[in-house]
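Working through the structure, step by step
What follows is the residue order along each chain.
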Protein chains: 2
Amino acid sequence: MTTTYVSTSPRPSELPRVSLAVKGTERVVIESVTPSVDCGRYPIKRALGGRVDVGADIFKDGHDLISARIVYCHADDRADRVAPLEFEFNPDRWFGSFRPDALGRWQYGVEAWPDPIRTWSVELRKRVEAGQDTAPELLEGARLLRIASARPDGGGGARQQLLDVAARLEATSAPIYERLSLALSDVWHESASGPLRPEDVARFAPMLGLVVDREEAAFAVWYELFPRSQTASSKRHGTFADVERRLPELASLGFDVIYLPPIHPIGRDHRKGKNNALKAAPDDVGSPWAIGAREGGHAAVHPELGTVDDFVRLVRAAKEFGMEIAIDFALQCAPDHPWVKEHPEWFFVRVDGSVRYAENPPKKYEDIYPLNLWCADREALWDACRDLLLYWAARGVRSFRVDNPHTKPLAFWEWVIAEVQRAYPDVVFLSEAFTRPKRMKTLSKLGFSQSYTYFTWKNTKEDLVEYLTELTQTEMTEYFRPNFFANTPDILHEYLQTGGRPAFRARLLLAGTLAPVYGLYSGYELCEHTPLHPGSEEYLNSEKYQIVVRDWNAPGNIKQDVARLNRIRRENPALQRLDNLTFLETDSDEILAFAKRAYGNEIIVVVNLDPHRVHETMVDVPGVLLGLEPGSVYQVFDLMSGERYQWQAGENYVRLDPLEKPGHLFRIERS
Amino acid sequence: MTTTYVSTSPRPSELPRVSLAVKGTERVVIESVTPSVDCGRYPIKRALGGRVDVGADIFKDGHDLISARIVYCHADDRADRVAPLEFEFNPDRWFGSFRPDALGRWQYGVEAWPDPIRTWSVELRKRVEAGQDTAPELLEGARLLRIASARPDGGGGARQQLLDVAARLEATSAPIYERLSLALSDVWHESASGPLRPEDVARFAPMLGLVVDREEAAFAVWYELFPRSQTASSKRHGTFADVERRLPELASLGFDVIYLPPIHPIGRDHRKGKNNALKAAPDDVGSPWAIGAREGGHAAVHPELGTVDDFVRLVRAAKEFGMEIAIDFALQCAPDHPWVKEHPEWFFVRVDGSVRYAENPPKKYEDIYPLNLWCADREALWDACRDLLLYWAARGVRSFRVDNPHTKPLAFWEWVIAEVQRAYPDVVFLSEAFTRPKRMKTLSKLGFSQSYTYFTWKNTKEDLVEYLTELTQTEMTEYFRPNFFANTPDILHEYLQTGGRPAFRARLLLAGTLAPVYGLYSGYELCEHTPLHPGSEEYLNSEKYQIVVRDWNAPGNIKQDVARLNRIRRENPALQRLDNLTFLETDSDEILAFAKRAYGNEIIVVVNLDPHRVHETMVDVPGVLLGLEPGSVYQVFDLMSGERYQWQAGENYVRLDPLEKPGHLFRIERS
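Figured I'd write up the structure that's included with this text. (Residues numbered from 1 in each chain as written. Chains lettered and ligands numbered in written order. Predicted model: local features only at pLDDT ≥ 70, side-chain atom pairs only at ≥ 80, totals over all residues. Heavy atoms only, no water.)

Examining the overall build of chain A
The condition that has to hold: Numbering of helices and strands runs from the N terminus; a helix is a DSSP stretch of H or I covering at least four residues, while a strand is a stretch of E covering at least two. The buried label goes to any residue with under 20% of its type's maximum accessible area, the exposed label to any with over 50%, and the partly exposed label to all in between, with areas taken from a 1.4 Å probe on protein chains only. What makes two residues a contact is simply this: any of their non-hydrogen atoms within 4.5 Å. Per-residue and other accessible areas follow the Shrake-Rupley method at a 1.4 Å probe size, with only the shown protein chains counted as cover for residues. Residues scored as positive are Lys and Arg, those scored as negative are Asp and Glu, and His as well as the terminal groups of each chain are ignored. The location of each charge is read from NZ of Lys, CZ of Arg, CG of Asp or CD of Glu.
A count of helices and strands for chain A gives 15 helices and 30 strands. With the C-alpha coordinates aligned to their principal axes, the bounding extent of chain A is approximately 105 × 70 × 45 Å. The 671 residues of chain A split such that 60% are buried. Taking contacts inside chain A between residues at least 6 apart in sequence as the whole, the part at least 24 apart equals 74%. A total accessible area of about 26,400 Å² is found for chain A, and carbon and sulfur atoms account for 51% of it. On chain A, the mean spot of the 81 positive side-chain charges and the mean spot of the 96 negative ones are 3 Å from each other.

Right, here's the structure in full:
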C-alpha cells in the first residue's frame, strides 16, 4: 500500500458532474478531523519519535453509542494500523494519538461506527436498575453477540467466547441473575469490540498526509562556510581538505550541519568581480551561485576545491564528528554552464533564438540564465534536476539548502522532494525563500523540511512576540519548521552593524532559544559587522565574490557563547521544541522574556534587546504556568553564567548590562 | 450539467492508494477559497438576491502576473458562468463576488492562470521608462498575441484585432514610437484577456456547493397554531375552515407562515390523556404527534379537521393573504398507524417478532413506534418518506417543520431534502432539533433551511451576547438560519412564567429584532404563562393533549406590539439580515443594546431584560460605527412608541420602565 501525493486539483473537464442525490450509507458523521493542513491538501510534519494528536467531531442520530478509532499507515505498510479514540463530553469531541515509527510518508484518518453491543449493555444496566423485565433483552444481546462472532476478523478464541456467552444468555433454564451477571460483566467486551459489520464503518475523507523526518530536521544548529575561505592566505584557494581540518573546532562549537554554498565550477562569462562589480578582474574567483563552466555543471565540483572524491571524504569525515555536510541546490546556470549548449531548449529563448538571461525589468542579471521549468521538454528537465539531487544524495548528502525556491514552479518542488525522499527518506530540504508570507508557507506545505524566516528583521520586542506567536502558536507548527539563521551572506542587519558584540551575543541567544533549528554564517562568531555601505545589508568585501581570510580566534569572538549555548540546547529538551513557547510579561520594552517547558525541563530566557544600555524590569512568571501558588519560591540557575537566584511565582527583578551578558538562560530548579 | 451532493466519504476499500508522485501540471496554486463549510463537504446557503463574496489565496513562482476568476453554475446550467476576481496586495488575497439568480443547487470555485501578456505589457512599460532597447520585446509581444488569437474561444472580432495588433508590432519598418504606443495602449487588452492555453488554468478543488432558497427562508415570521383549538367551545373540534376564518387577523398581525402541528389521524392505541396522562379518557383528543389510525397515516388528514381538499383550500386562502401554511413532518407512528401492519419490516422488531415502541431506558413511550430507517428495506422506506413530502408539496405546502430530525439518520436528511428541493426548489425545511450544538449545526449543514435554537433559554445579557455572537459572527452564518421561536408548545421558559406581560413584550422585541426569522406559538400574544407545575417548562392543560379555547382579544394581549413590530421589520432592511449585528456597550447588566445596519438603514435596539424593575444606563454608540466624529449628534426615532431623541456618537442615556415599554427600537435619522 502506498500513498498519493499528487495535486488534488482536477482539470475542469474532469470535474464530477453527477446527477442524482444518492441515499447515503453512512450511519455516523465524522467532521473537523485535526491536525489537517488546507483540508488535507498538504501533509503535516513530524520528526521521528514525535506524536500526532488527533481530534474529531463524531455523531449519529439518536442515543446509540459510537465507537471510533484512528487508522493510519506508512506508505510501505500492507495493512492499516489503529489507535484508540476516546470521547470527551466537553467539548463533545473525540481525542487520541499515535506515534509514527519510521521515516517517510504516512496517511492517517478516523473511522467510527454505531456500537449496538455497547449500547445494549448500557441500556440493560439501566433496565435492571429500574427493575424492568430484562428477559427479552438477554435474547437481544445474544443475537448481537452471534452477529459479532460471525465477523471475518473475529478469529478463534474471540469467536468461541462470543458464541459461549450468547448460548448462556439464551439459556432460559438458567437463573435470570446468572444470565444478567454475565451480560453485565465485561469479560467478553474485548471480544465483542469493533464494528459489527464492515458497512457500519464511516471513514473521514480524505485520508490526511504526514511526513516523518529524522530528528535533525527539527533540532539542529547550522553553520554556513565558504570552503574557498578556509585558508590562511587569500592567495591560496581553500579546499575541501581545509574544511576537513576545521571539523574538530566546528564540532566543539556544537554545530550539527555544515552548509557549503554551491561547490560547482563557477562561470567565467559575465563573472562578477569583488563587491558585485560588473566586470571581474582576471584573478577574481566569482560567485559560487554562477554555476557551471567548461569543467562541468551541477554534478561537478569546482576544481580548486578538490574532486568529487575529496568532497565525499569530507562528508564522511564530518560524520565521524557527528556532523553532516549540507550543499546548495541552486537551479540556475552561468552562461558557460554545459546545459546552455547541450539543452538550449531548457532555457527561456528570445524571439531571435538566443537564450534569455535573468531579468526583473528594468534590472538585468546577465551572469545568470534561469531554467524554464515549464519548457516543452519539462519532463526531461525535471528528471535531470531530480537526478542531480539523487547524485549528491548517493554521495552522502542528506541536507540541501535550496536557493530561491519561490522562483521555480511550486509543482516542481512538490514532485521532486517526494521523489528524492522516496529514495532517501532522511533527506532534509531547507527553503531559502524570502518572499511574501503565504508563498513561504506554501513551499513548506508542499514539502520543504525547513524554511528560512524573517527572524533577522525581527529585532524589537513587539516584532519578535508577534512573529514567534505566529510561528509557534498557529497551524504553522504542523508544517513550517523555521531555521533561525542569525545572519547570512546576504543579510547583515543594521542591528548587528551598529550593536557591536552585545548585539551578536543577544541575537545568538535569541536564535538558539526561540527556535530548535538555528544557524550562523561564518564570521558571526567574530562579530563581523561592516556593511557594503551605510543602509546596505550586504557585507563589505563579501565572501560571495572573493576569498575572505579570517583569524578564527580574533579577540572579541563569541565562540564560548556559541559552544555553551549549543551544549545547553542538547541537554535541555525544552529548547528542542517549537510549540512550547510562552512569553512572559515584563515592564520594559527592551527586555524580552519567555518560558519553554518539555518533559519536566523548565527554561526561562530573559534577553536585553538593547545592545547599548543597561535595562531592568520585573518579569512576571505566573504561578499557574508552573503549577505553583502565587509567591511560592524556586531556584533559577543561569546555564550560561552559572548564576543562581531565588525566584517566585509572580514578579521577579532582573537587571541586564549588555557589556556583561545579553541575558539569562535559566533552568528552573525545584527543591 | 448537474451537481453532485453525494457523501464525499468513500468506503475504505475505495480509498486511493496511488503509488508514484507525479509531475504536477498546475502553474498556479489556489488556496483557502472562502466561503466554504467543512472544506466543501457541505454547501453554503443564500436567499435569492443574496451575494456570495469569494476570497482566495493565489500565487505562482517568480514575478509573472496572475489572472483569476470565479467560476460558478446552477445545477441546470450547461456552461460555467464567470465573475472577476481582483488582487488586493494587503492581505495578499483575491476577492470577488457573484449573485445567483435562481433557486436550487449551485457550484462555485476559483480558476487562475499565469498571464504572460499582462506580464509582458507591464514589463515593457518598465523597459521603456528605463530607456532600454524594446525592439525584441515588441516581437515577443506579437508572438504572445498570435498565440492568444489562436484560442478556440477567441472568436471573430477579437481574433482579428489581435492579429492586426501583432502585425503592427512586427512592422519593423514603422517608427518604433508608433509600435510602442500601440503596445502600451489598452485597446486590445480585452481581446487578449483570459488564459493563453486551457492547460494553463488551475482550478481549486473541490468545487464548492451553494443552496439558494427563496427570500422567505431567510426573513419571515412564523405562527404556530393548533387547528382544533380554533373554536369557540371545547365541545366543538376546530377545523381547517376555522383556521381559514382566522387568516385575516393573522395577516393583519404580520405573520408570514402559519405552522400547523401534525394534521393527520391521531392514534387511539395507548393514546395520552390531558396533561400527558398515561390513559386517555374516551373524549380525549390525543396528541397530534401520535400519527396514524385506521383513517390513515401521514398522507391522510384527521377527519375532524376536514378533508385533504379542505386543507388545500386553506393553503390557497392563506396565499391570498400573502401567507403560507407550514405542516409538521414527524417520522413516527402511533401503534395503529397503517404502516405498522402493512410494513412491520420498517420498524424495530424485538427478538420475539413484536414491533418495538420508543424507549430511552428506563423511559418507555408505548404510544410511539419509531421507524427503523436503517432496516433491510430502507430503500423503499426512504422513498416512502420522501413521497410523503412530495405528496404535501403537490398540495401546495412549501414549508415543513421537521420534528426531532436528530433522531433520524443524518444521511436520510441529506438525501431527502435534496430530493424534494430538486422537484420543489422553493421548499423550506425547519429543523426542530434541540440537541448538542454540533449535531444541530450538522443538520443545518446537511440541508435544513432553518433551525430552532436555544434562544428560549438565553435570557441573561451574557448568554444573549455569547449566543448571538456565535450565530451572527462565525462561519455559522454561511449555513445556519436561526428561527427564534419565543415559545413552543414544549417550552414555556421560567422567564415568561414569572415575568408577566413585560417579559412577553421584551422577549418579542428581542426575537423580532435579533433574528430575521422568528416565531410565536399561539397564546404568546395573550401572555399565557401557567406551567404544568413549578419547575416545569410544559404548559398546564397543554394544547398538545386537548382543545384549548381562547379569547383572542383578552385584556393584556400584546397583539399591538406584534403587529407593529412585524410592520417595522418589513420596512427596515437592517432587521432582515442576520450577519449585521453589533452589540453596544451599556453599563447595566440588565440592559442589552445592539445596532443593525443594511443599505443605509440604521437601527439601534435597547431592551430592559428585567421585567420587574426600572433600569437606566448609558449606551455607547461608537462614532466609528456611524462614521461620525465623537460627540456628533443625530436623531433616534422609536419606531414602536413614536418617541424621538437627540443622540450623539458616544454615550447616551436610556431609562426603561418595564411597565411602560420593554425597550426602544430606534431608527437613526440623520439630518
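Focus on the pairing of strand E7 (residues 93–98) of chain B
Residues and elements named next belong to chain B. The condition that has to hold: Any two strands between which DSSP finds at least two bridges are classified as paired.
Pairing analysis gives 5 bridges linking strand E3 (residues 52–59) to E7, with the strands arranged antiparallel. Counterpart to alanine 56 in the pairing with E7 is tryptophan 94. The sheet contact formed by strand E6 (residues 86–88) and E7 spans 3 bridges and is antiparallel. The residue of E7 that forms the bridge with phenylalanine 87 is tryptophan 94. Hairpin connection of E6 to E7: 4 residues between the antiparallel strands, including aspartate 92 at a positive phi of 55°.

Brief notes about the packing of aromatic side chains
Residues and elements named next belong to chain A. Put simply, the rule reads: By convention, a stacked pair of Phe, Tyr or Trp rings (six-membered ring in the case of Trp) has centres within 6.5 Å and planes under 30 degrees apart, an edge-to-face pair has planes over 60 apart, and any other such pair is tilted. A ring is scored as having a charge over it whenever the NZ atom of a lysine or the CZ atom of an arginine sits within 6 Å of its centre and within 35 degrees of its normal.
As enumerated under the stated definition, the model contains 66 aromatic pairs over all chains in all. Residues phenylalanine 434 and tryptophan 457 carry aromatic rings whose centres are separated by 5.4 Å and whose planes lie at 90° to one another, so their mutual orientation is edge-to-face. Here phenylalanine 434 is found in the loop between strand E19 (428–432) and helix H11 (437–446), whereas its partner tryptophan 457 is found in the loop between strand E20 (450–451) and helix H12 (461–473), with 23 residues between them in sequence. Since its relative accessible area comes to 31%, tryptophan 457 is described here as partly exposed. Following the ring pairs from residue to residue traces out a cluster consisting of Phe329, Trp374, Trp382, Phe400, Phe412, Trp413, Trp415, Phe429 and Phe448. If you follow lysine 458 out to its NZ or CZ, it ends over the ring of tyrosine 467, 5.2 Å from the centre.

Focus on the pattern of salt bridges
Filter applied, for reference: Basic side-chain nitrogens of Lys or Arg form a salt bridge, by our definition, when they fall within 4 Å of a carboxyl oxygen of Asp or Glu.
Under the criterion given, the structure shown has 126 salt bridges over all chains. The closest approach of N and O atoms between arginine 246 of chain A and glutamate 249 of chain A, which form a salt bridge, is 3.1 Å. You can see arginine 246 of chain A and its partner glutamate 249 of chain A sitting in helix H6 (residues 240–252), 3 residues apart, about one turn around the helix. When salt bridges that share partners are traced, they join Lys23 of chain A together with Glu379, Asp383, Arg386, Asp387, Glu419 and Arg422 of chain B into one network.

Topic: unusual backbone geometry
All names here are of chain A. Here the amide bond leading from threonine 34 into proline 35 is cis, since omega sits at -5°, within 30 degrees of zero. Take proline 35: it is sitting in the loop between strand E1 (29–34) and strand E2 (44–47). Of note in this structure, aspartate 92 is not a glycine but carries a positive phi near 55°. Structurally, the position occupied by aspartate 92 is in the loop between strand E6 (86–88) and strand E7 (93–98).

Overview of the packing of helix H13 (residues 494–514) of chain B against helix H14 (residues 559–571) of chain B
Residue and element names in this part refer to chain B. Using the following cut-off: For helices, the fitted line uses only the C-alpha atoms of the stretch in contact; every axis is such a line through C-alpha atoms, and the angle between N-to-C directions lies from 0 to 180 degrees. If an angle is under 35 degrees, it is roughly parallel; if it is over 145, roughly antiparallel; if it lies from 65 to 115, roughly perpendicular; otherwise it is oblique. It is the rotation of the near helix from the far one that decides the hand of a crossing: anticlockwise by less than a right angle makes it left-handed, clockwise makes it right-handed. Gly falls in the polar group here, along with every residue not listed as nonpolar (Ala, Val, Leu, Ile, Met, Phe, Trp, Tyr, Cys, Pro) or charged (Asp, Glu, Lys, Arg).
Running from N to C, H13 and H14 cross one another at 15°; their axes reach a closest spacing of 11 Å. When the interaxial angle is binned, H13 and H14 end up roughly parallel. Between H13 and H14 lies a crossing of right-handed hand. Along the contact surface, H13 presents Arg505, Leu508, Leu509, Gly512 and Thr513, while H14 presents Asp561, Val562, Leu565 and Arg569. The class makeup of the residues in the contact of H13 with H14 is 4 nonpolar, 2 polar and 3 charged.

Quick word on the environment of alanine 595 of chain B
Take alanine 595 of chain B: it is sitting in strand E24 (residues 591–598). Non-local contacts of alanine 595 of chain B, meaning those with residues more than four positions away in its chain, are made with Asn580, Leu581, Thr582, Leu584, Ile603, Ile604 and Leu625 of chain B.

Some thoughts on the sheet that holds strand E27 (residues 633–638) of chain B
Residue and element names in this part refer to chain B. Read across the open sheet, the 8 strands follow the order E28-E27-E30-E25-E24-E23-E26-E29; overall the sheet is antiparallel. The sheet terminates laterally at strand E28 (644–648) and strand E29 (650–656), the two strands that pair on one side only. Averaged over all adjacent pairs, the angle separating strand axes in this sheet is 35°, with direction ignored. Sheet topology places strand E25 (residues 601–608) next to strand E30 (residues 663–669); 5 bridges connect them, and they run antiparallel. Among the inter-strand pairings, valine 606 is bridged to a residue of E30, identified as histidine 664. Across the sheet, helix H12 (residues 461–473) is in contact with strand E23 (581–586) and E24; its angle to E23 comes to roughly 155°.

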